[in-house]
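These are the residues of each chain, in order.
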Amino acid sequence: MDSTVIAKILADTNEKGKFLASVVTDREGFTIASAATGGQNPEMHGALVGLIQRVTNQASDQLGILPTTEFTLFDTAGNRFVCRPFFTKGIEMVLAFLIPGKDQSYRRIMSQTIEKIQQAVDI
């Protein structure tokens, strides 16, 4: 898996979506690739992904509900942090975006980005 190719996909996604940062991690939150603008720290975002994954998995197990397909956090500045798990070649990964404001759309771009990452990993 070439993390530089994935990082390029993420940089293009940030530009297209006007996102502050994007990161792809494994299920534990270890960063595979990232791209950020404006002094954002993608390593911190990766750590946050790992924390979110642990909390949502524990909640799913304890409540007996199905695994989470998307999780969103809002910060006090109005930014949105969105995480979506996905699989490629049997490996669970998580794509996360830091999006300025709460009204900006992202789902189509997120789905397209996941498809591009899956294609890049399959090469």
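Figured I'd write up the structure that's included with this text.

## Focus on the pairing of strand E4 (residues 80-88)
Right, so step 1: Across the 9 residues of E4, 7 count as buried, placing the element largely inside the fold.
Right, so step 2: Here strand E3 (residues 71-74) runs beside E4; their pairing, made up of 4 bridges, is antiparallel. Looking at the pairing, Thr72 lines up with Val82 of E4.
Right, so step 3: The hairpin formed by E3 and E4 contains 5 residues between the paired strands, and Gly78 there has a positive phi angle of roughly 90°.

## A short note on the sheet that holds strand E2 (residues 31-36)
Right, so step 1: Pairing in this open sheet of 5 strands is antiparallel, and the strands run E2-E1-E5-E4-E3 from one edge to the other. Bordering the open sheet on either side are E2 and E3, each of which pairs with just one other strand. Averaged over neighbouring strand pairs, the angle between their axes works out to 15° when direction is ignored.
Right, so step 2: Of the pairings in the sheet, the one linking E4 to strand E5 (residues 91-99) comprises 9 bridges and is antiparallel in character. Note on E5: the bridge partner recorded for Arg80 is Ile99.
Right, so step 3: Relative to the sheet, helix H1 (residues 3-17) contacts strand E1 (21-26), E2 and E5, its axis offset from that of E2 by approximately 35°.
Right, so step 4: Running over the sheet, helix H3 (residues 107-122) touches E1, E4 and E5 and is turned about 35° from E4.

## Quick look at H3
For an α-helix the count is 3.6 residues per turn, leaving residues at separations of three or four pointing the same way.
Right, so step 1: Look at H3: 23 Å from first C-alpha to last across 16 residues, which is about the 22 Å you get at 1.5 Å a residue.
Right, so step 2: Within the sequence span of H3, burial applies to Ile109, Met110, Thr113, Ile114, Ile117 and Val121. Relative to the axis of H3, the buried residues are bounded by an arc of 135° and lie together on one face. Looking at H3, the residues exposed on the side facing more than 90 degrees away from the buried face are Arg108 and Gln119.
Right, so step 3: Looking at the buried side of H3, the elements it contacts are H1, E1, E4 and E5.

## Focus on H1
Right, so step 1: The end-to-end C-alpha separation of H1 is 21 Å, in line with the 21 Å expected for 15 residues at 1.5 Å each.
Right, so step 2: When we look at burial in H1, the residues that qualify are Ile6, Ile9, Leu10, Thr13, Asn14 and Gly17. End-on view of H1: buried residues confined to an arc of 140°, all on one side of the axis. Pointing more than 90 degrees away from the buried face of H1 are the exposed residues Thr4 and Glu15.
Right, so step 3: Along its buried surface, H1 packs onto E1, E2, E5 and H3.
Right, so step 4: Among the residues trailing H1, Lys18 stands out with phi positive, at a value near 60°.

The rules behind the values
Residues numbered from 1 in each chain as written. Predicted model: local features only at pLDDT ≥ 70, side-chain atom pairs only at ≥ 80, totals over all residues. Heavy atoms only, no water. Buried < 20%, exposed > 50% of the residue type's maximum accessible area, 1.4 Å probe, protein only. Helix = DSSP H or I, 4+ residues; strand = E, 2+ residues; numbered from the N terminus. Pairing = 2+ DSSP bridges. Axes fitted to C-alpha atoms, helices over the stretch in contact; angles between N-to-C directions. Contact = heavy atoms within 4.5 Å. Expected span 1.5 Å × (residues − 1). Arc of directions from axis to C-beta.

Any functional reading would require information beyond the geometric quantities listed.
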